[in-house]
Amino acid sequence: KQVANLKGKPKVRCIKYSVNSNEIFAGDDTGVLTVWNTQKAAPVFVFKCHEGAITGMHWIESDKILLTASKEKVFKIWRIPEKWSEADLDSMVSDKLLERQKTRQIEKENKNKTKAPTNFHAVDDSDDDDLVGWNR
């Protein structure tokens, strides 16, 4: 017997269910995660959590943590609030912004480490003489 039908969410790739909060987490092809309230059969929160398709999810009920994986080979850890209030949503967004800032800082540091020294000068070198004398 069908209990509910959550319409309006095309291209869903994976879903997880929270027994304690009666919520369904649906990840789609565009990287959007939709949290559905099963009692109201309506979305509670929708947000873009990946650039590519969400390919997998794992729900940890005891800690209210959702792990998401995406086609761009990235996985993220989300702490899901007990109740969906503006403060909780603001906290999730600010946590994501902090994560993005840290990632950019690490990328910047790594880029600086691999930069060529300033006293390095490129030299044009043709491939014509690379194999000269190879058989001697």
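Here, the structure is the one placed above.
Residues numbered from 1 in each chain as written. Predicted model: local features only at pLDDT ≥ 70, side-chain atom pairs only at ≥ 80, totals over all residues. Heavy atoms only, no water.

1. Observations regarding the overall build of the protein chain
Of regular secondary structure, the protein chain possesses one helix and seven strands. In the protein chain, the order of α-helices and β-strands from amino to carboxyl end is β-β-β-β-β-β-β-α. Per-residue burial over the protein chain gives 29% buried out of 136 residues. Counting contacts in the protein chain only where the partners sit at least 6 residues apart, residues at least 24 apart contribute 28% of the total. Here the protein chain has roughly 10400 Å² of accessible surface; of this, 52% comes from carbon and sulfur atoms. (Helix = DSSP H or I, 4+ residues; strand = E, 2+ residues; numbered from the N terminus. Buried < 20%, exposed > 50% of the residue type's maximum accessible area, 1.4 Å probe, protein only. Contact = heavy atoms within 4.5 Å. Areas by Shrake-Rupley, 256 points an atom, 1.4 Å probe, with all protein chains shown as cover.)

2. Structural notes on the pattern of salt bridges
By the definition in use, this model includes one salt bridge. The closest approach of N and O atoms between D29 and R13, which form a salt bridge, is 3.2 Å. Linking D29 in the loop between strand 2 (23–28) and strand 3 (32–37) with R13 in strand 1 (residues 12–18), this pair joins segments that are 16 residues apart in sequence. Given a relative accessible area of 42%, R13 falls into the partly exposed group. (Salt bridge = Lys/Arg side-chain N within 4 Å of Asp/Glu carboxyl O.)

3. Side note on the sheet that holds strand 6 (residues 65–70)
One open sheet accounts for three strands, arranged 5-6-7; its pairing is antiparallel. On the outer flanks of this sheet lie strand 5 (54–60) and strand 7 (75–79), each paired with one strand and no other. Across the sheet, the mean angle from the axis of one strand to that of its neighbour is 20°, orientation sign disregarded. Across five bridges, strand 6 lies against strand 7 in antiparallel orientation. Paired with L67 across the two strands is I77, which belongs to strand 7. (Pairing = 2+ DSSP bridges. Axes fitted to C-alpha atoms, helices over the stretch in contact; angles between N-to-C directions.)

4. With respect to the environment of T38
The topology assignment puts T38 in the loop between strand 3 and strand 4 (42–48). Apart from residues no more than four positions distant in its own chain, T38 is found in contact with Y17, N22, E23 and I24. Here N22 takes part through its backbone oxygen, which lies 2.8 Å from a polar atom of the side chain of T38. (Polar contact = N/O pair within 3.5 Å; in protein donor to acceptor, adjacent residues only side chain to side chain.)

5. Here we look at the nonpolar core
Of all hydrophobic cores here, the largest spans 13 residues; its most connected members are F25, L33, M57 and L66. Counting only elements with at least two residues in this core, the list comes to strand 3, strand 4 and strand 5. The contacts of L33, once residues within four sequence positions are left out, are F25, A26, G27, F45, V46, F47, C49, I54, M57 and L66. (Core = buried A, V, L, I, M, F, W, Y, C linked by side-chain atoms within 4.5 Å.)

6. Notes on the pairing of strand 4
Here strand 3 pairs with strand 4 via six bridges, running antiparallel. Each residue of the ladder has a partner; that of N37, found in strand 4, is A42. Counted along the chain from strand 3 to the antiparallel partner strand 4, the turn is four residues long, and its residue A41 has a positive phi close to 50°.

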